[in-house]
Amino acid sequence: LPEDGIFVDEVTQVGFVARLAFPVYKPRTFMSPGYQDNLGYGFATALGAQDARPDVPVLAISGDGGFLFTANEMATAMRHRIPLVTVVFNDGAFGNVRRIQEERYGNRLIASDLANPDFVAFAESFGAAADARPKPGRIAPGLRGAFARRDGPRLIEVPVGAMPSPWEFILMGRVRGG
Amino acid sequence: MRHRRLGTLRAGARGRAACRCREPPIDEDAIKAAAKRLGAAKRPLIVAGGGAQDASAEVTLLAQLLQAPVLSYRRGRGVIDDRDPLSRQPAARPRIVGGGRRGARGRHPPAHPLLQWGIDRDLAIVRVDADPDEPAASPSPKVALIGDAAPILRRLIDVLPAHNARGPRAADEMRSAMRAHGQAPGQARAAARLSSRRSAPNCPRTASSSTR
């Protein structure tokens, strides 16, 4: 992503890490929700950002569950030829919730697994470009190519498994006031 | 109100030139109190939230004057260039958390640090908020400044050298050093942007070939 490109995170594992680790060089180039951390805001927000700033590439990252909150807006993206690039990390679950249920609630799983569409077929059914499951080494070159194309939306599906928790790096220990 | 808000949105998207928003008067007593607190602070820390997105140059220069790390998270990311050695994220906490009096500022600071770190008598908080109700809803600040972050911080930068234990001429020296050397990109850019903003209240984006 160029220095002045805009990154839109989501309430997803890679998004949590991005808030700490993704390098940001300029104001208003890293979009993130407030304290409420509203799942599902990302894709639609990124469409708005890309439409407002057609002069720079915008990258949205989503988990599969978060993307499905507003996935129907792919129709809007096609209708207005919004050249947003969206990476969907697909683990087949609300992964953060699922891990919490596993670790804190004795693996009693409820409502955390997803019945997903074929995301590539879904995007292509709107006429959007889509990349199916690129190998890890091909993701970065694929993104660079996607940023160079400005004729419409592009979805990249990245299948992932369960990820290690990032929360030990986010939740900070008490050092004052007992 | 609707037109004022629309003006703000346009300013955020296209630069501040179109914004004709009326800035509230700056509380000079609070500025002086903040300058005294920060100038005497042993280990000041700046916490930048989303409200500081249009005060990047000011936050960066203030950080230089105080030699204070700038903590940003979520909506505060990008306020300070991550290539600046004073830029920090919460994951770097072992390097920035410790005893000693500190100041913190920035509108909508991330709730995590204050909630999780805890508060004691050695921590003095200086807040800058757009919302006048915000200070009362937060852990008691020693100084509360209300208004847009950029003009408030510009005024604070003007007043701070007289109270800054790090040297009353630190601001001039820092600006001169940044102009002369330019070996610290984030610092030099901050000084240049601050200088241009003083003459014209807009801060357009510049193209760059760097990638991540």
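Residues numbered from 1 in each chain as written. Chains lettered and ligands numbered in written order. Predicted model: local features only at pLDDT ≥ 70, side-chain atom pairs only at ≥ 80, totals over all residues. Heavy atoms only, no water.

Teacher, can you tell me more about the overall build of chain A here?
Counting its secondary structure elements, chain A contains eight helices and six strands. Walking chain A from its N terminus toward its C terminus, one meets helices and strands in the order β-α-β-α-β-α-α-β-α-α-β-α-β-α. The C-alpha atoms of chain A give a radius of gyration of 17 Å, which matches the 16 Å a tight globule of 178 residues would have. When each of the 178 residues of chain A is scored for burial, the buried share is 49%. (Helix = DSSP H or I, 4+ residues; strand = E, 2+ residues; numbered from the N terminus. Rg over C-alpha atoms; globule rule 2.2 N^0.38 Å. Buried < 20%, exposed > 50% of the residue type's maximum accessible area, 1.4 Å probe, protein only.)

Honestly, the pattern of salt bridges in this entry has me stumped. Any pointers?
Pairing is possible between side chains of opposite charge, provided their charged atoms come close. Residues and elements named next belong to chain A. Evaluation of the coordinates by the stated rule reveals 17 salt bridges over all chains. Close ionic contact of Arg-133 with Glu-157 constitutes a salt bridge, the shortest N to O distance being 3.9 Å. Taken together, the residues span a long stretch of sequence, with Arg-133 in the loop between strand S5 (129-132) and helix H7 (136-148) and Glu-157 in strand S6 (residues 154-159) at a distance of 24 residues. Given a relative accessible area of 4%, Glu-157 falls into the buried group. (Salt bridge = Lys/Arg side-chain N within 4 Å of Asp/Glu carboxyl O.)

Help me understand unusual backbone geometry, please; the structure alone is not making it clear to me.
Trans peptide bonds make up most of the peptide bonds, and negative phi angles are found at most residues other than glycine. All names here are of chain A. Backbone geometry places Asn-107, a non-glycine residue, at a positive phi of 60 degrees. With respect to the helices and strands, the residue Asn-107 is situated in the loop between helix H5 (95-104) and helix H6 (119-125). Overall, Asn-107 belongs to the partly exposed group, its relative accessible area being 47%. Of note in the backbone geometry, Arg-133 takes a positive phi value of approximately 45 degrees without being a glycine.

Can you help me understand the nonpolar core in this one?
As a rule of thumb, nonpolar side chains are buried together in soluble globular proteins. Val59(B), Leu62(B), Leu145(B) and Leu156(B) are the most contacted members of the largest nonpolar core, which has 32 residues in total. Elements that contribute at least two residues to this core include exactly helix H2 (28-40), strand S1 (46-48), helix H3 (56-66), strand S4 (126-129), strand S5 (143-146) and helix H6 (149-159) of chain B. By size, the runner-up hydrophobic cluster in this structure holds 24 residues, among which are Ala49(A), Met74(A), Ala77(A) and Ile82(A). (Core = buried A, V, L, I, M, F, W, Y, C linked by side-chain atoms within 4.5 Å.)

What am I meant to see in the side chain of Asn96(A) here?
Residue and element names in this part refer to chain A. Relative to the elements of secondary structure, Asn-96 occurs in helix H5. Within the structure, Asn-96 has its side chain in polar contact with the side chain of Trp-167 (distance 3.1 Å). In this structure Asn-96 touches Gln-13, Phe-16 and Trp-167, once residues within four positions along its chain are discounted. (Polar contact = N/O pair within 3.5 Å; in protein donor to acceptor, adjacent residues only side chain to side chain. Contact = heavy atoms within 4.5 Å.)

Looking at this model, I keep getting lost on helix H1 (residues 13-21) of chain A. Mind explaining?
Three or four residues apart is the spacing at which side chains of an α-helix point the same way, because the helix has 3.6 residues per turn. Taken together, the buried positions of H1(A) are Gln13(A), Gly15(A), Phe16(A), Ala18(A), Arg19(A) and Leu20(A). Looking at the buried residues of H1(A), the elements they touch are strand S1 (6-8), strand S2 (30-31), strand S3 (58-63), H5 and helix H8 (167-170) of chain A.

Looking at this model, I keep getting lost on the sheet that holds S1(A). Mind explaining?
Paired through backbone hydrogen bonds, the strands of a sheet run either parallel or antiparallel to each other. All names here are of chain A. Spatial strand order, S2-S1-S3-S4-S6-S5: six strands in an open sheet with parallel pairing. Since the sheet does not close on itself, it has two edges, and those belong to S2 and S5, each with one partner. Each of S3, strand S4 (85-90) and S6 touches H7; the most contacted strand, S4, lies at about 150 degrees to it. (Pairing = 2+ DSSP bridges. Axes fitted to C-alpha atoms, helices over the stretch in contact; angles between N-to-C directions.)

Would you mind going over the pairing of S3(A) with me for this structure?
Looking down a regular strand, the side chains alternate between one sheet face and the other. Residues and elements named next belong to chain A. Taken across its six residues, S3 has six buried, putting it largely inside the fold. Residues of S3 alternate between two faces, with Val-58, Ala-60 and Ser-62 on one and Leu-59, Ile-61 and Gly-63 on the opposite face, all of them buried. The pairing of S1 with S3 spans three bridges and is parallel. What sits directly across from Val-8, in S3, is Ala-60. Across five bridges, the pairing between S3 and S4 is parallel. Bridged to Leu-59 within S4 is Val-85.

So what exactly am I meant to see when it comes to the sheet that holds strand S2 (residues 70-72) of chain B here?
Residues and elements named next belong to chain B. Reading across the sheet, the three strands line up as S1-S2-S3 and stay open at both edges, with parallel pairing between neighbours. In the strand order of this sheet, the two ends are held by S1 and strand S3 (87-88), each with one partner. Sheet analysis places S1 next to S2, joined by three bridges and oriented parallel. Across the sheet, the residue bridging to Ile-46 is Val-70, located in S2.

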